[in-house]
Amino acid sequence: PTLYSFFSKVYMIYGLGTKDDRKIASELGMNPYVVKNYTQALNLYSYNKVQQILLLIQEDKLKVLGINDAAKEDADL
């Protein structure tokens, strides 16, 4: 849940189309000091990569629940 939350916020920031910390903080309702962690992620992960990460997290979540691949062990994920 923590990884999904982090990357979903990075994804939302991409949607805002700005790198201004104060505007991002205002739009997402978060502390401006925390925004720096997310804007650093913008430099490390492209929009497409963030999208791919979110899809992989969701896919693994479904597998843990036994959907789409019930034979996998948790360690395999």
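Below is a summary of the structure that appears in this document. Remember, it's a predicted structure, so these values are computed and weren't measured experimentally. (Residues numbered from 1 in each chain as written. Predicted model: local features only at pLDDT ≥ 70, side-chain atom pairs only at ≥ 80, totals over all residues. Heavy atoms only, no water.)

Regarding helix H2 (residues 21-28)
- When H2 is considered as a whole, its buried residues turn out to be Asp21, Ile24 and Ala25. Summarising the axial view, the buried residues of H2 lie within an arc of 100°, below the 170-degree limit, and thus occupy one face. H2 presents Arg22 and Ser26 as exposed residues on the side facing more than 90 degrees away from its buried surface.
- Downstream of H2 by a residue or two, glycine 29 has a phi angle that is positive, lying close to 65°. (Buried < 20%, exposed > 50% of the residue type's maximum accessible area, 1.4 Å probe, protein only. Helix = DSSP H or I, 4+ residues; strand = E, 2+ residues; numbered from the N terminus. Arc of directions from axis to C-beta.)

Some points on the packing of helix H1 (residues 2-16) against helix H4 (residues 47-64)
- H4 packs onto H1 with a crossing angle of 150° between their chain directions and a minimal axis gap of 10 Å. The hand of the H1/H4 crossing is left-handed. Contact residues: Leu3, Tyr4, Phe7, Ser8, Val10, Tyr11 and Tyr14 in H1; Tyr47, Val50, Gln51, Ile53, Leu54 and Ile57 in H4. (Axes fitted to C-alpha atoms, helices over the stretch in contact; angles between N-to-C directions. Left-handed = near helix turned anticlockwise from the far one by under 90°. Contact = heavy atoms within 4.5 Å.)

Quick notes on the environment of methionine 12
- For methionine 12, the position within the fold is in helix H1.
- Classification of methionine 12 as partly exposed rests on a relative accessible area of 41%.
- In this structure the C-alpha to C-alpha distance between methionine 12 and leucine 28, which are 16 residues apart in sequence, comes to 8.3 Å.

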